[in-house]
Structure formats: C-alpha cells, structure tokens
Amino acid sequence: MARRPAKQDRGDADLEVGPPKTSAAGVPAVARAMTMAVEQMGVVRTARTLLRMNQDKGFDCPGCAWPDPAQSHRAEFCENGAKAVAEEATLRRVEPGFFAEHSVAQLRERSDHWLGQQGRLTTPMHKPVGASHYEPVTWETALGVVARHLRALDDPDRAIFYTSGRTSNEAAFVYQLFVREFGTNNLPDCSNMCHESSGNALLETIGIGKGTVTLDDLTSADLILVAGQNPGTNHPRMLSTLETAKEGGARILAINPLPEAGLMTFRNPQTVKGVVGSGTPLADRHLGVRLGGDQALFQAVGHLLLERGAVDHEFVERHTSGYAAYAQARATLDWPETLAATGLTEAEIRALADDVAGAKRVIVCWAMGITQHRHAVATIQEMLNVLLLGGNIGREGAGVCPVRGHSNVQGDRTMGIVERPSSGFLDALDAEFSITAPREHGVDAVDTVRALRDRRATVFFAMGGNFVRAMSDSDVTEKALEAADLTCHVSTKLNRSHTVTGAEALILPTLGRTERDVQLSGEQVVTVEDSMAMVHASRGRLAPAADTLLSEVAIVCELARRVLPDSSVDWSGLRGDYRRIRGHISRVVAGFDDFEERLDGRGGFQLPLPPRQREFHVEGGRARFSVNALEYPHCPPGRLLLQTVRSHDQYNTTIYGLDDRYRGVSGGRRVVFVNPTDLVELGLGDGRLVDIVSEWRGVDGDRELTERRADGFRVVAYPTARGCAAAYFPETNVLVPLDSTARGSNTPTSKSVVVRLEPR
Ligand SMILES: Nc1nc2c(c(=O)[nH]1)N[C@H]1C(S)=C(S)[C@@H](COP(=O)(O)OP(=O)(O)OC[C@H]3O[C@@H](n4cnc5c(=O)[nH]c(N)nc54)[C@H](O)[C@@H]3O)O[C@H]1N2
Ligand SMILES: Nc1nc2c(c(=O)[nH]1)N[C@H]1C(S)=C(S)[C@@H](COP(=O)(O)OP(=O)(O)OC[C@H]3O[C@@H](n4cnc5c(=O)[nH]c(N)nc54)[C@H](O)[C@@H]3O)O[C@H]1N2
Ligand SMILES: [Mo]
C-alpha cells in the first residue's frame, strides 16, 4: 500500500486553521513576498532582482504565463512572481559536500519543502550503479555517461526526453532537434498533465491549440467567465487585468466549487484603494459548481440560448459547421440530471444564460479545474459551443482564454516539444537540417510511466521539472523510474525526482532565467511565449549561482556532439550564439519570420492566431460545433469527489512554505477541505484526523476495485460544493490512478478522484 512520501519534515506540527479570506493581494501579499525574498536573497539582491522582473530589458518572470501589459514600464507587483524569483535567485547552495553527507535513501525521506529549501544545485552529480550516494563529476564525465547509455540503445525509442515548461524557446528548439536527430518523438512534457485537453479541444474546433484573446480583449469584454481557475494564487497579475475589465464595465462570474478569495475582492497593492480601501470586488456572482459539472452547465446554457433564439445566425452560417446537429442535441434538457451534475439551482443556471445572452463580448477563461477531468475535452468543446452560438470568436473583447501554467509551456510546444508532431513541422525540420526525423508518434507523460514500468524504455532524461512528484499514481511512477537504467535531470533545484533513481543517475545543474548566460559570442538573450502567443526576449542579469553551471542550450549541444558525432548540425556554433538558433527557428516554425529583428520591438510580437480573423484551419475552414453526450463524475454514497489543488505557497511541486493564506491554513499542508453538511452526514467532525483512500474501478467501472491511501490529513470544514473535497498536490498524487485519464488528451484526472475518509 502507498507509503508516505516523506517521513521526516512533514512540517504539520504547527498546523492551524482559521476562516478563509474574502479578498486577495493587498499589503499582506507584499509583506509575505518581501519576507521570503529577503530570507532567500538578502536585501540588495531582492531589490536588484524584483525591479528587473518583466521589464523591457529584464528577465521574464519564471512564475506563470500571464502576459505583461505592453504599455507598462513598471513591473506589476506580484507576490507569487516574487516568490518564484526568490526561489531561483536564492543565495543558498547545494554543494557536493551535501551529497556526501546525505545518501540518496536519506534524501528520499525528506519532504518536498525541505529538499527545495536546500538551495541551488552547483555541480554535476553522478550516482554510479550500486552506489548509495551521488558523487561530483566533471561535465565531461557526466555527458559521457548519458552518451554511453544513449549510444548503447538498440532502438532510440527506448529513451524518453521529458520537458517542464520553463525551458526557453532556444533551448526547447535545440532539444527537440537533438532528440529527433537521435531518432525518437518520445518528447512528453508537463502539458500532458496540464492544458493538453485545451490544446486538443481547440485544435479540433477552431484549428489552433491556443487561446484567441489578448489583454486588450479582456479589458474590453462585457462578460468574463472564470471557470476552474484560481488566479489569486496561480496567476496573480490576472487580477489587475480583471480589475481594469471591471472598471470598464465587464461582469465577471466565477465558476468554481471553491469560493476562491482572489476572485471575490482584489486589493491592488499598486493603488491607494487596494492598500487602504476595501479593494475592488471582482466576481459579480460565484457559481459553486460541483467538480466536473461544467459540461452539464454549458450544455444547459447552450440549450437556454437556443430556446430564446440568442444566436448570432450570421456568424453561425458563415463561419461554423455542425450547428444543426448541435441544435438538435440541445433541443431538450434533462433538468434533474443537470441539477445533479452541477449541484446548482435552476435559477442560477438561468441567470448565467441571461448574462451570456445579454452580452455582446464574452470571454471564457479556464485552467486546471476544467482540463483535469475524464470528460475535459468534451467540457471545453461545450464551452466553445456556447461561444460560437453568440459569435464570440474573432470579435474584439471576445474569445477563448485557456490560462497557461508554466511561463514558457506554450512556447515549448510551438518549438516542437510534442510527442505527436505535425508532418508539416517535421518536413520543415528535415529540410532545414538535412535530417530524417522519425514520423512515428512518441509517448506522453502517462505512457512514459507505462513504458518505463514495462521496460520498453530504459533511459529517462528530463529538461527541468519534477516528474516523479508531478505525475499521478506516485508509487507506480516511482517504481517505473527505479526500473530505468539511467535517470538524468537537468535542474536548478533539488527535488524528489533526484532521489528516485534508475540504476545509474545524474543531476545536471543549470542556469535559471534570472541569470546571465554568456557564451562564445557574448551575453545571450533567450525568448519565451506567453499565454496570449506574445513572444518576447528575456535577459538574465544576475551572476550565475555557480560558475560551473551550463545553460540548457549548452547542455543539449554538448550532449548532441557526443551522441551524434556524425551530425551535420553545427552544435558548437549554435551553443556559441543563440541568434543562430533563432535563425533556424525563423525558417522552421511558422510565424517567426524576421525573428531577430522583431525581438527588438518593446513587448515582443504576437504569433499568428487565425481565429482572430475568423480563419479556422479545420476541414472546410469553419469552426466546429461539437455534440457530446452528458457526462459527469459519479460518486457512490459515503464517498466524496476529491480535487487536488495548489496552495498559495507552492509552485507545482516546489513548496515555498506551509501556509495557504487565502484559505485560512497555516503551518501545514496535510488538510482536506470538506463541505460542513457532508461532514455531518459522514459523521466526521471538523479537525478530525483521517486517511484519504481513493477507490478506482477502472475507466468503465468494470475493473476490480483498487485502493490507494494518503495518510494523516486533518479535516477542515470549508464552503466547497456539496459532495466535493479538496487537498493539496503533490501529497495527494498517490491517490490518482495512472489509468484514470481524460478521454482524448490522456491527462491524469487530478480534479476528480473518488475517495472515502477513514478516521484514524
Ligand atoms: N503561484 C503559483 N502559480 C502557478 C502555479 C503554482 O503552482 N503556483 N502553477 C502553474 C501551473 S503549471 C498551472 S497549470 C496553473 C494552474 O492554475 P489553476 O488551474 O488555477 O490551479 P489549481 O490550484 O489546480 O486550481 C484549480 C482551480 O479550479 C477549481 N476547480 C477544480 N475542479 C473544478 C471543476 O470541476 N469545475 C470548476 N469550475 N472548477 C474547478 C479549483 O477549485 C481551483 O480554484 O498555475 C500556474 N501558476
Ligand atoms: N495531482 C496533481 N498533479 C499535478 C497537477 C495537479 O493540479 N494535481 N498539475 C499538473 C501540472 S498543471 C503541471 S504543469 C505539472 C508540473 O510538472 P513539472 O513541470 O514537472 O514540475 P515543477 O514542480 O514545476 O518542477 C519543478 C522543478 O523544476 C526545476 N526547474 C525550475 N526552473 C528550472 C529551469 O529554469 N530549468 C530547469 N532545467 N529546471 C528548472 C527545479 O529543479 C524544480 O525542482 O504537474 C502536474 N501534476
Ligand atoms: Mo501546468
């Protein structure tokens, strides 16, 4: 049965729970960020770094992918951006002596928080076969080990190359080039666990797997639906945009099982009102939908719009296909089923439809609350159906806004980090480099675990991230990684993936985005793409954490030279001058013509988004209505649906601290939020200590029951939707079954896990 992830440093001895907050940001946010930054970086470095964030000649914040307002010269203050920077620019270091003191087995006992707090990695470290400790090695030796393993494989598909979304465009491009010249499309990435459902749903319906709106659209919209997203914590700068939208007359509705503080009231630390006043109320209404009830909700809205004839017929006729079938499917509505699925009242649903029908410019924003369900793709299609009915694509102030996570996750995809590349992209790559990239699709994140578990793959290489903790089914994933012959991580900070090793293991320390990157031709610039397809430059200015660090580009190029000695690519040349990489990108990737020249413009440039001009690159050139049967997660009596979320003090698997200020939690993370009425029915009191046990009967409910356990959580009575619960990941990833994934995107269903709470 599932083992506790870390026995020491669980750090919940000081756990305290108070009432949740009803407003976000304000002075406490500044204070908290400053305290953390000064702890990690000292006063001088704090001032120097935080002032350069998201500035014209500065670095791109390594936090979220929310765009920067083009006209602003001043950095918007962002608590969690400041925390992300402090984590990277910390003065703490993990030197080789640290690894001599702690065996791999000992490190594995420590918590995610403790591991992350040790500081920046400085030296390539190698764990030989059978050794108990990592040992320092030279870059030559480290890269030699990887090359030895890769060259010995009888089939390139036996190696897997993961990417997390912080990697720059330049590093991502050379990385995928190397991997494809080596001979595989095994390029899973964090998107597979994140917005894959959005990408797939959008690609099928509007012909591009990206959002269609700009910041200007948001501030000129008259209705913004924020569904399945907690911007106060995860995209704090979005609150400033929402505040501007609100001042411009937009209505904002929060669709979320939790009443997230950030969506209720925003206290902008940049304005007097935010600091001494009461702040700006953001959401006009909160719809406390049940987990996974959004598809039913948007089907119902579609039905109501059709019923009252609130349809932009001109748009529908000229620009869409499939309307008749959609209208027929939504002609009737099963209200009892809709109410059961959504947990909302008929009046709430009708009021939402009124708002949509009455608005000329509608935007739907969403994130993980929508994408990490079994029926995520269908849910997103249903949201699109509603937007298409009103002609809300390719109109100012309207459109789709999947809010991306990692700061360059969208850019990495654009650069070809994808296990199912288009043939057009591969043809362009082949022509540019005189190579023959493989055409067979590679593995995604879930299939990576299966391939390693079954020994179909034996080498796991990661460009950033913390795969072992980010993936579902922690125990299965850990065993899969342990079965590998080699695990190798290019990382800035220590994390649990370094402690769950293959027979042989490597840690390759790398530069972060805040740091100066100097190569033969001088100081380098890299580029990133934000959530709204804006590409811009990022220049690190801090001295590197150690002079032994190599950039991600350098690591890839040096590795490629060793693995592919006969390559026709000038790897050393690319390493020496990133402008040459951008030259290649401009010829291979659509939308990057004159890349270098266009970078100089302040704020960067926007990649083509054809749906903005009502051009839809789908068959027939029309956006598609989709017809989906109603689906929602079912929960047997006495059980709850659990969602696994982020606290305010974490960045994915990096735990900054043990507080979740807006939800009233401090000093610990092992809490499970449950509706008070459900607690009464379950006979559990607030504060009770429980194990969370997940129950899984297979995708179709026809498999033998399997259980997974996460022990020692304190129950917190919380105003979440009925029948629903919430707890933090990565601690609860142990509960998510590997095979429980979204249909059509294979994303782990991290937001709907059937659980029971067992009193301890
Ligand atoms: N500070 C900070 N910033 C981050 C991150 C971080 O960890 N820390 N992570 C980054 C990454 S990679 C990502 S992907 C984003 C994640 O950004 P979010 O998607 O905001 O992150 P989550 O914490 O998973 O929150 C999910 C939200 O959806 C709601 N929700 C859950 N299930 C449902 C549902 O079925 N229906 C509806 N309507 N709502 C639901 C939850 O209550 C919660 O408010 O943030 C990015 N930014
Ligand atoms: N249960 C559950 N699981 C989830 C989610 C959920 O909501 N619930 N969310 C999913 C989502 S949306 C995502 S995106 C994934 C995240 O999955 P990952 O991207 O794999 O995880 P992170 O925690 O962001 O990775 C943190 C590590 O990245 C390294 N790092 C940081 N910056 C850099 C850099 O600049 N370069 C390099 N090379 N390394 C760097 C550091 O070593 C750090 O320890 O997790 C997923 N897992
Ligand atoms: Mo993400």
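Residues numbered from 1 in each chain as written. Chains lettered and ligands numbered in written order. Predicted model: local features only at pLDDT ≥ 70, side-chain atom pairs only at ≥ 80, totals over all residues. Heavy atoms only, no water.

- Per an unreviewed UniProt entry, the protein goes by Molybdopterin oxidoreductase and derives from Knoellia aerolata DSM 18566.
- In UniProt, the protein has this text filed under Sequence similarities (unreviewed entry): "Belongs to the prokaryotic molybdopterin-containing oxidoreductase family." (UniProt positions renumbered as here; feature names shortened; annotations may be inferred.)

## Remarks on the overall build of the protein
And step 1. Summing up its helical and strand segments, the protein has 30 helices and 33 strands in all.
And step 2. Here the C-alpha atoms of the protein give a radius of gyration of 25 Å, agreeing with the 27 Å that 2.2 N^0.38 yields for 760 residues.
And step 3. Seen through its C-alpha atoms, the protein measures out along the principal axes to roughly 70 × 60 × 60 Å.
And step 4. When burial is assessed residue by residue, the protein has 65% of its 760 residues classed as buried. (Helix = DSSP H or I, 4+ residues; strand = E, 2+ residues; numbered from the N terminus. Rg over C-alpha atoms; globule rule 2.2 N^0.38 Å. Buried < 20%, exposed > 50% of the residue type's maximum accessible area, 1.4 Å probe, protein only.)

## Here we look at the nonpolar core
And step 1. Core analysis: the largest hydrophobic core is formed by 115 residues, its most contacted members being Leu150, Phe161, Phe178 and Phe461.
And step 2. Ranked by the residues each element gives to this core, the list is headed by helix α7 (residues 169–182), at nine residues.
And step 3. Split by domain, this core shows at least three residues from each of two domains, domain 1 (121–192 + 408–589) and domain 2 (196–403).
And step 4. Counting 29 residues, the second-largest nonpolar core is a separate cluster that includes Ala24, Leu218, Ala221 and Ala250. (Core = buried A, V, L, I, M, F, W, Y, C linked by side-chain atoms within 4.5 Å. Domains from an automatic or database assignment.)

## Points about the pattern of salt bridges
And step 1. One pass over the full model with this rule turns up 63 salt bridges.
And step 2. The shortest N-O distance in the salt bridge between Arg439 and Asp427 comes to 2.5 Å. Taken together, the residues span a long stretch of sequence, with Arg439 in the loop between α22 (423–433) and α23 (445–453) and Asp427 in helix α22 at a distance of 12 residues.
And step 3. With relative accessibility at 38%, the residue Arg439 sits in the partly exposed group.
And step 4. Across the salt bridge formed by Arg709 and Asp691, the nearest N and O atoms sit 3.0 Å from each other. Pair noted here: Arg709 is in strand β31 (residues 706–717) and Asp691 is in strand β30 (residues 689–696), with a separation of 18 residues, a long-range link.
And step 5. Here the residues in one salt-bridge network are Arg639, Asp691, Glu695, Arg697, Glu707, Arg709, Arg756, Glu758 and Arg760, joined through shared partners. (Salt bridge = Lys/Arg side-chain N within 4 Å of Asp/Glu carboxyl O.)

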